[in-house]
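Topology and contacts: notes
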Amino acid sequence: MTFEPRIAVLAPTPLAVVEATAALTDVKRSEHVDAEGGVHIHPGGQGLWMARMARSLGAKVTVVGPFGGELGPLIQTMLTDLDLEVKPVPYSAGNGGYIYELRNGEREVLTHMPPPVLTRHEYDDLYGIALVEGMDADLTVITGCEPADVLPDEFFHRLVSDIRSSGGRVVADLSGGPALAAIDAGVDVLKIAHDELLEAKLADGESAEKIIAGAKKVLDKGVGAIVVSRAEKPAFAIDKDGVRELITPAVTTHEHRGAGDSMTAGIAVALARGENLTEAARLGAAAGALNVTRGGLGTGNRETIERIADHVQIKER
């Protein structure tokens, strides 16, 4: 039987995403298809995109997050339908969401309802459930908030520290203050985009040399490894054993959003299976590469991703 690693995902701000899309062209339509286009509803936000991809890659995924209001039950139902286990924290104010217009070929925000700050009791409940799920999982992934003020930075520091103290492993996909908090707590693996590394003043410039130098300084602070994504440029995976440059096959971008989250999912699943950083980064790069070719964020087929991984080149620097 294939081993299914158990991954816990902290998703502090689960979102409902509604998209109005253009009708398909140059295909034979039945009379039941709306010629004006369609309406699609998805679970959204960094943590949920990451969780969805991790499940596609064969992990058993538990999502921990606040759910409430009108949108919360809808998001939970969609996650359950995607074979994700949900450990909900009641959320009195309710989840946020987006409505997008895509029919003109561009993504336009029609409405954005941001989620509010958690109350003290919601904060405590979220922490407790995330902690115990992290203790029981093979690996925990901690993702950030949208907007950033839903949780304070110290939440992330305490959670990383406490899960690791219990013997658990943590991958953090964070930016800004939460990323600095996770670094200070000695997170096992930090996944961060190069521009976020610069914004956090962890690197002095955008050149490969300065990004690598900044990443090595992060390792000196006690972080086990760091993976830096660089948009269309090759990512870097860096730990005490060296620097690897990840060169993915050139593909045409259909939707760039969610690529970094898909990459994190691939890294997390491979590490939870017991693979080393190089192979984990390779699977992550493949998951990110497939994501940009698709319209659905955090979606993909395991076999396809693993075959793409065979084409990811690893260059030692």
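Structure first, text after, so check above.
Residues numbered from 1 in each chain as written. Predicted model: local features only at pLDDT ≥ 70, side-chain atom pairs only at ≥ 80, totals over all residues. Heavy atoms only, no water.

As for the packing of helix H9 (residues 277-291) against helix H10 (residues 302-309)
- Two elements in contact, H9 and H10, have axes separated by 8 Å at closest approach and are oriented at 120 degrees. Pair H9 / H10 crosses with right-handed handedness. For the pair H9 and H10, contact is made by Arg282, Leu283, Ala286, Ala287 and Leu290 and by Thr304, Ile305, Glu306, Ile308 and Ala309, respectively.
- Looking at the contact of H9 with H10 residue by residue, the classes come out as 7 nonpolar, 1 polar and 2 charged. (Axes fitted to C-alpha atoms, helices over the stretch in contact; angles between N-to-C directions. Helix = DSSP H or I, 4+ residues; strand = E, 2+ residues; numbered from the N terminus. Left-handed = near helix turned anticlockwise from the far one by under 90°. Contact = heavy atoms within 4.5 Å. Nonpolar A, V, L, I, M, F, W, Y, C, P; charged D, E, K, R; others polar.)

Side note on the pairing of strand E10 (residues 189-193)
- Most of E10 sits out of view: 5 of its 5 residues are buried.
- Sheet topology places strand E9 (residues 170-173) next to E10; 3 bridges connect them, and they run parallel. Across the sheet, residue Asp173 finds its bridge partner in E10, namely Lys191.
- A crossover connection joins E9 to the parallel E10 through helix H5 (residues 176-184); in handedness this β-α-β unit is right-handed.
- As paired elements, E10 and strand E11 (residues 225-230) share 5 bridges and run parallel to each other. For Val189, the partnering residue across the bridge sits in E11 and is Ala225. (Buried < 20%, exposed > 50% of the residue type's maximum accessible area, 1.4 Å probe, protein only. Pairing = 2+ DSSP bridges. Right-handed = clockwise from strand over helix to strand, strands pointing away.)

Notes on the sheet that holds strand E6 (residues 96-101)
- Ordered by their spatial adjacency, 4 strands build an open sheet running E3-E2-E6-E7, and the pairing between neighbours is mixed. Every interior strand has two partners, whereas the edge strands, strand E3 (38-44) and strand E7 (108-113), have only one. The average angle at which neighbouring strand axes cross in this sheet is 15 degrees, direction not considered.
- With 5 bridges connecting them, E6 and E7 associate as antiparallel partners. Its bridge partner being in E7, Ile99 is matched across the sheet by Thr111.

Quick word on the side chain of Thr264
- Here Thr264 is to be found in helix H8 (residues 259-272).
- If sequence neighbours within four positions are ignored, Thr264 has contacts with Met50, Val141, Val171, Asp173 and Lys191.

Some details on the nonpolar core
- Counting residues in hydrophobic clusters, the biggest one holds 48 residues, and the most contacted among them are Ile7, Val61, Val63, Leu79, Val141, Leu246 and Ile305.
- The next biggest cluster of nonpolar side chains, apart from the first, holds 45 residues, and it includes Val89, Ala185, Ile192 and Ile238. (Core = buried A, V, L, I, M, F, W, Y, C linked by side-chain atoms within 4.5 Å.)

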